[in-house]
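Results of the structural survey
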Amino acid sequence: MTVNLDWENLGFSYMKLPYRYLATYKDGQWQEGVLTEDATLHISESSPSLHYGQQAFEGLKAYRTKDGSIQLFRPDENAKRLQRTADRLLMPQVPTDMFVEACKQVVAANHEFVPPYGTGGTLYLRPLLIGVGDIIGVKPADEYIFTIFAMPVGNYFKGGLQPTNFLIQDEYDRAAPNGTGAAKVGGNYAASLLPGKKAKTSGFSDVIYLDPATHTKIEEVGSANFFGITADNEFITPISPSILPSITKYSLLYLAENRLGMKAIEGDVLVDELGKFTEAGACGTAAVISPIGGVQHGDDFHVFYSETEVGPVTRKLYDELTGIQFGDEEAPEGWIVKVDL
């Protein structure tokens, strides 16, 4: 198959590829998964995923290296996060080996759609776990579907590694203090649509959410995690039970400390102490790193490094992370999984 795409201008949008993975959970166990060309899920109209939000998802990427091979970045961590989310919603866990093998199968089957090295594009994988079956009461499903589909993507934020501005939101909370903020469930994202639309209508990239209990601490940036860099060579990210634990964030914490010699901290980020940060950014699988130029909070507009230029430490972190993902830098042990074609 010859794939003719504008690899350097992909954007971030759905594309129907030839194959996806599908497995069903019945009678208390996972059935053997298969690759299928059917892109439509066939489920009962009374499935708990549709009515009561018993569903979870993940996001990870496959990368083309300079020698033409393909690799995944820390898929075992995505598997573990999906397992924690499944526990929260009383769904069966997808075993790590099954999850990673399914990712490899989907990538190998659609390998022509992995963007060439040097284009900046990647193959984005979307694992999805949903409760299905004929249930109308508020209770867990008896049957489940686990599927993974994929599509080639470019940058999540238009413009790539360029600073953009964000709006600190007091009016809306991303998640309840003891809710599902640390789980990757669709309901958290549905709740973010309205405030996100308002922010974008006002000219901002997205919303920065504060902690739901006190509204004094930064928690998340849209659907990504926040980080700040201080003049004292510290890399700081928020800590909270209602923050989604980003695999990219924890990778950056490790790289900041072990590759850049910084002091890596998970701690409170007080909204009235933003002046201590010389640089700031949002990070996640889709966004990778999106530098934050400035933030609007009430009548105050605070600029970090620059509204137009990427800070030097943010640039180093981005280069180190993407260098590992694309095979140009040595990866910490266990971070890379090769895909056999």
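Preceding this section is the structure that the text describes.
Residues numbered from 1 in each chain as written. Predicted model: local features only at pLDDT ≥ 70, side-chain atom pairs only at ≥ 80, totals over all residues. Heavy atoms only, no water.

Let's talk about the overall build of the protein chain
Regarding its fold elements, the protein chain presents 6 helices and 18 strands. When the 341 residues of the protein chain are sorted by exposure, 54% land in the buried category. Sequence separation of 24 or more characterises 72% of the internal contacts of the protein chain that already satisfy a separation of 6 or more. Split by element, the accessible area of the protein chain, about 15400 Å² in all, is 47% carbon and sulfur. Of the side chains in the protein chain, 28 bear a positive and 44 a negative charge, and the two mean positions are spaced by 2 Å. (Helix = DSSP H or I, 4+ residues; strand = E, 2+ residues; numbered from the N terminus. Buried < 20%, exposed > 50% of the residue type's maximum accessible area, 1.4 Å probe, protein only. Contact = heavy atoms within 4.5 Å. Areas by Shrake-Rupley, 256 points an atom, 1.4 Å probe, with all protein chains shown as cover. Lys, Arg positive; Asp, Glu negative; His and termini not counted. Charge placed at Lys NZ, Arg CZ, Asp CG, Glu CD.)

Section: the pairing of strand β11 (residues 218-221)
Note that strand β10 (residues 207-210) and β11 share 3 bridges and pair antiparallel. Among the inter-strand pairings, L210 is bridged to a residue of β11, identified as I218. Two elements, β11 and strand β12 (residues 224-230), share 2 bridges in a ladder whose sense is antiparallel. Following the sheet pairing, E220 is matched in β12 by N225. Linkage of β11 to β12, two consecutive antiparallel strands, is achieved through a turn of 2 residues, within which G222 is found at a positive phi near 60°. (Pairing = 2+ DSSP bridges.)

Notes on the environment of I43
Inspection of the secondary structure assignment puts I43 in the loop between β3 (34-36) and α1 (48-51). Overall, I43 belongs to the partly exposed group, its relative accessible area being 31%. In this structure the C-alpha to C-alpha distance between I43 and A175, which are 132 residues apart in sequence, comes to 28 Å. Residue contacts for I43: discarding those within four places in its chain leaves S49, L50, I130, V132 and I145.

Concerning the side chain of E320
With respect to the helices and strands, the residue E320 is situated in helix α6 (residues 312-325). The residues contacting E320, other than those within four sequence positions of it, are L255, R259 and E329.

Notes on the pattern of salt bridges
This structure, assessed with the given rule, holds 9 salt bridges. In this structure, E220 and R174 form a salt bridge, with 3.3 Å as the shortest nitrogen-oxygen distance. Here E220, found in strand β11, pairs with R174, found in the loop between β9 (164-169) and α4 (186-201); they are 46 residues apart in sequence, far enough to count as distant. By relative accessible area, E220 is classed as buried at 2%. For R174, a relative accessible area of 10% puts it in the buried group. (Salt bridge = Lys/Arg side-chain N within 4 Å of Asp/Glu carboxyl O.)

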